[in-house]
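# Structural characterization, general
Okay, here's what each chain looks like letter by letter:
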Amino acid sequence: MKIIAVSNLYPPDGLGGYEMGCRQIVTALHEAGHEVTVLTAAPRKPIHADERHLLRTLRLADPYAPSARNGGHPQGRAHQLALAGCCDAYNVHRFVAELERLQPDLVYFWNLWGLGGISLIAATQLLGLPWRMHIMDAVPSQLCNLTGSVRPELGRAFARLIRGRFFCCSRTVIDEIKSNGVPIGPSCDIVPNWVTTDGAPARSDWLIDCKLRIAFAGAVSLHKGADIVIEAAAQLKRDGFTRFQVDLFGPVVDPRFQAMINASRLQEHVTLQGSKPQQELWKMYEQYDLFAFPTLPREPFAFAPLEAAAHGCVPVIPHICGNAEWMLDGVDLFKTERTADGYARLFRRVIQGEIDLAKVGRQAVRQLLRDFHLKTIFPKIEAGLKQATAERRPAHASTHDIYRLALLAERSVRDMLQEAA
Amino acid sequence: MPLVALVAPFRLDPAQFALGRSGTVCDLANGVHQATNGRYQFRLLGLGPPVGQWQPSAGIAVRNLEPAYSPIKPWDAPSWQLLDQLDDVDIIHLLSAESRTAEMVTILSRISETPLILTELGEPGIIAAELQTWRLAAAFVNGSDFASKHWPNDAGPSLTVHGVDLSVFQTNPAVQRQAHLLYVDEFRPALGLDRVLQRLPNELPLVCLGDSADADYTGWLRQLASGKQVRFGPPPSLEQLAAEFQQAAALICPATHLDGLGRSHPLADPVAHQAARAVACATSVIARNSGAMVERVTPGLTGWLVDSDEEMIAVMQAAVTRPQAITSPGAGVTSRVAAGGALAEFYDATLNRSAKPVGRVA
């Protein structure tokens, strides 16, 4: 197959698992003999040389930038949101030119927020090209959000008019998109996230020296629950436990977390370790017993707990989140309530030997490497893409008309937002 | 039966059905419905409060849409309800390209792959011209041959349809013509009523029906009419308007446009709908020699075309004092303003060329 993959960000420029997952699938497609070109935005800061199949020629109306969320005039932010989700004529121009040049069999969309995603999908459909989109966040509802929430009519129209299908990583993310007003459910195929690591199938030791070692990886932030982990550690210490260590890996932009550690005098037990390269992190997981991941209920399906589990670092996740759909409490991970009490209680039970951690750890490694390795997941994705290629239709618009339509839409939305202000 | 969405992307004002674009739309809706001989269903969509006063034909469902909030352009903002209302239609027939609503309809028609037929009831504006958004239409239905010249030769299939509702506007031999002239339209400078009133002889009776958003201009018109035989009245209902046409000696259409250099030009009305209604009632029309008036008015048969204000006054005087000087059209000319039967075939052809795909591929 000849495929164009489109993603707002692409490693090394990225925010997390979504872009990393995109690159892993692109690599797997290459290895399977497919011709894949990635079209993405110019990076948000300078990066080193890229792979040859990569075109960083789109522009990003970055909806994740703090300035897009907090700074500037509300009108400017509204305009940025419209460019990010609805229509960016410049990106349509570049995208259509690449489609004409490369003549792909299908378009494989990833996260389109920031690229004017609806206009890219519309252009693909008008050219009669089949498409699939990989969903690891509530992207369809982000695209339809012009004014701070999704207009129900717009959400319904999006769901009605799409002619492609979505690979969704969990029911959680589908439900969120639906509850945001975009009922794409019938167009979704659920495909779980994966690991590419070989894991630690030979691991045999947990709680070495009777000490509990807990890892946390991801953005050290409130939405990932870093505060809950620190507070749970404080409770352990207050309860008299001393043989435990918590290491938080990931970027720290908020000084409150170090302040929390200091205030609870946890410096001996809790350390902000900063970011580590992914492969290094995988190796380090083998030295930890638990992976604390008190993420928000809307978490679609994080990669980090999977990777930790593959190395025997047993995840502890909330009862409600995307990851919780796929794994069993007490079998290959632990589930608890998303509070410091809940996490502290579980840590105590492990320390006191009430739980057979080694048994769960070994089961987690086996389960991950058997059911969630990319070697297992990829054939489903490849088959879905192959099926899509049969959906090609005659073009319904010329490239000139598509660009004209994009210019009209961009201008019309901009003027409408200004006139409504 | 295929469903046509007839979209008026502006305020459909129940108080204005005798005048302006709102009046043209309701006539056009009934007219095109009659012209398709019941082979198409219609859904008339317009912005604004529920339509009163006007009785649509049985095959027309009227939906009033709530425009999005816009303090700057309250009746130009698109209605989100359009996204649902256009979902099940087979053809979108858009009655102007010049508003945010029109832009949204144009975008939606292409994304949903529903053929778009464009009718421009006003003059194509700068905004539509800038991007040549008319190129996104599959076909064009024009209110006149003059209006069809707005589009380039390669723009797409085009049909001229007059579209007067002949069930309302018709001759009535029982009504006696009276010795007064009639002006029916909005009161605004571009339509030229002030220039007529300035030159109107005191003894020439004129009935002016309409209204204005500009109270100062209306006041000035009344001042100009002072001491003359001029009666002002509010916009009539469609039935009252037909009766006014049947009674008047002639309809005057004095539209002129003053440019910034103080020169006057004929206003090129692309539809001349009021004149078409008058012709349907066998009422003579005295109009400026421009735009679609040239098609509505055949000198000596359906009225008179004039080139200056002075000539207009002279013909108006003749119409009242020497009625034989201008010919009364007679019932035979009404077919000139009826919506042609070719519209159904035109819809058929458009549908065949670019039919909306059924169902979802995936």
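Residues numbered from 1 in each chain as written. Chains lettered and ligands numbered in written order. Predicted model: local features only at pLDDT ≥ 70, side-chain atom pairs only at ≥ 80, totals over all residues. Heavy atoms only, no water.

### Thoughts on the sheet that holds strand S3 (residues 54-58) of chain A
Residue and element names in this part refer to chain A. Under the convention used in this document: Strand pairing requires that DSSP identify at least two bridges connecting the strands. Secondary structure is summarised from DSSP: a helix means a run of H or I of at least four residues, a strand means a run of E of at least two, and numbering begins at the N terminus for each. To get an axis, a line is fitted to the C-alpha atoms, and for a helix only the part in contact is used. The angle between two axes follows their N-to-C directions and goes from 0 to 180 degrees.
With respect to topology, 7 strands assemble into an open sheet ordered S3-S2-S1-S4-S5-S6-S7, the strand pairing being parallel. Single-partner strands in this sheet number two, and they are S3 and strand S7 (188-190). Averaged over all pairs of adjacent strands, the angle between strand axes in this sheet comes to 25 degrees, irrespective of strand direction. In this structure, strand S1 (residues 2-7) lies alongside strand S2 (residues 35-41), joined through 6 bridges in parallel fashion. Bridged to Ser 7 within S2 is Thr 40.

### Digging into the packing of helix H8 (residues 238-247) of chain B against helix H9 (residues 273-280) of chain B
Residues and elements named next belong to chain B. Where we set the bar: By definition in this entry, angles of less than 35 degrees are roughly parallel, angles greater than 145 are roughly antiparallel, angles of 65 to 115 are roughly perpendicular, and the rest are oblique. Each helix crossing is assigned a hand: it is left-handed if the near helix lies turned anticlockwise from the far helix by less than a right angle, otherwise right-handed if that turn is clockwise. What makes two residues a contact is simply this: any of their non-hydrogen atoms within 4.5 Å.
One can describe the packing of H8 onto H9 by two numbers: an axis separation of 9 Å at closest approach and a directional angle of 65 degrees. Regarding the angle of H8 to H9, the classification is roughly perpendicular. In this structure, the crossing between H8 and H9 has a hand that is right-handed. Contacts between H8 and H9 involve Leu 238, Leu 241 and Phe 245 from the first element and Gln 274, Arg 277 and Ala 278 from the second.

### Overview of the interface of chain A and chain B
The criterion, for reference: Accessible area that two parts lose when put together, evaluated with a 1.4 Å probe and summed over both, is termed the buried area. Between Lys or Arg on one side and Asp or Glu on the other, a salt bridge is scored when a side-chain nitrogen of the former is within 4 Å of a carboxyl oxygen of the latter.
Contact with chain A, which involves 35 residues of that partner, is made by 33 residues of chain B. In total, chain A and chain B occlude about 3,300 Å² of area from one another, counting both sides; carbon and sulfur atoms represent 60% of this. Contact with chain B buries area across many residues of chain A, yet Arg163(A), Arg404(A) and Glu419(A) alone supply 20% of it, more than any other trio. A salt bridge links Arg156(A) to Asp84(B); its shortest N-O distance comes to 2.5 Å.

### Topic: helix H12 (residues 342-353) of chain B
Residue and element names in this part refer to chain B. So the rule is basically this: Between the first and last residue of a helix there are one fewer steps than residues, each counted as 1.5 Å, and that sum is the expected span. Residue exposure (1.4 Å probe, protein chains only): buried if accessible area is under 20% of the type maximum, exposed if over 50%, otherwise partly exposed. The arc in question is traced by the directions running from the helix axis to the C-beta atoms.
Along its 12 residues, H12 runs 16 Å from first to last C-alpha, staying within 8% of the 16 Å computed at 1.5 Å per residue. Every buried residue of H12 is listed here: Leu 343, Ala 344, Phe 346, Tyr 347, Thr 350 and Leu 351. Across the axial projection of H12, the buried residues extend over an arc of 160 degrees, all falling on one side.

### Looking at the nonpolar core
Threshold: Grouping buried Ala, Val, Leu, Ile, Met, Phe, Trp, Tyr and Cys residues that are joined through side-chain atoms within 4.5 Å yields what is termed a nonpolar core.
Ranked by size, the top nonpolar core spans 148 residues in total, and within it Val6(A), Tyr108(A), Phe109(A), Phe166(A) and Leu86(B) carry the most contacts. Here this core takes 8 residues from helix H16 (residues 399-420) of chain A, the largest share from any one element. In this view, Val6(A) contacts Leu39(A), Leu58(A), Phe95(A), Val107(A), Tyr108(A), Phe109(A), Trp110(A), Asn111(A), Leu112(A), Leu115(A) and Leu120(A); residues no more than four positions away in its chain are not counted. Listed in part, the 58 residues of the second largest apolar core include Ala8(B), Leu28(B), Leu238(B) and Cys253(B).

### Side note on the packing of helix H4 (residues 89-102) of chain A against H16(A)
Residue and element names in this part refer to chain A. Put simply, the test is: Lys, Arg, Asp and Glu make up the charged group, whereas Ala, Val, Leu, Ile, Met, Phe, Trp, Tyr, Cys and Pro make up the nonpolar group; the residues left over, Gly among them, are polar.
Relative orientation of the contacting elements H4 and H16 amounts to 165 degrees, with a least axis distance of 9 Å. The orientation of H4 with respect to H16, classified from their angle, is roughly antiparallel. Here the hand of the crossing between H4 and H16 comes out right-handed. Between H4, through Ala 89, Tyr 90, Val 92, His 93, Val 96 and Glu 100, and H16, the contact on the second element is made entirely by Thr 399, Ile 402, Tyr 403, Ala 406, Leu 407 and Glu 410. A class-by-class count of the residues in the contact of H4 with H16 yields 8 nonpolar, 2 polar and 2 charged.

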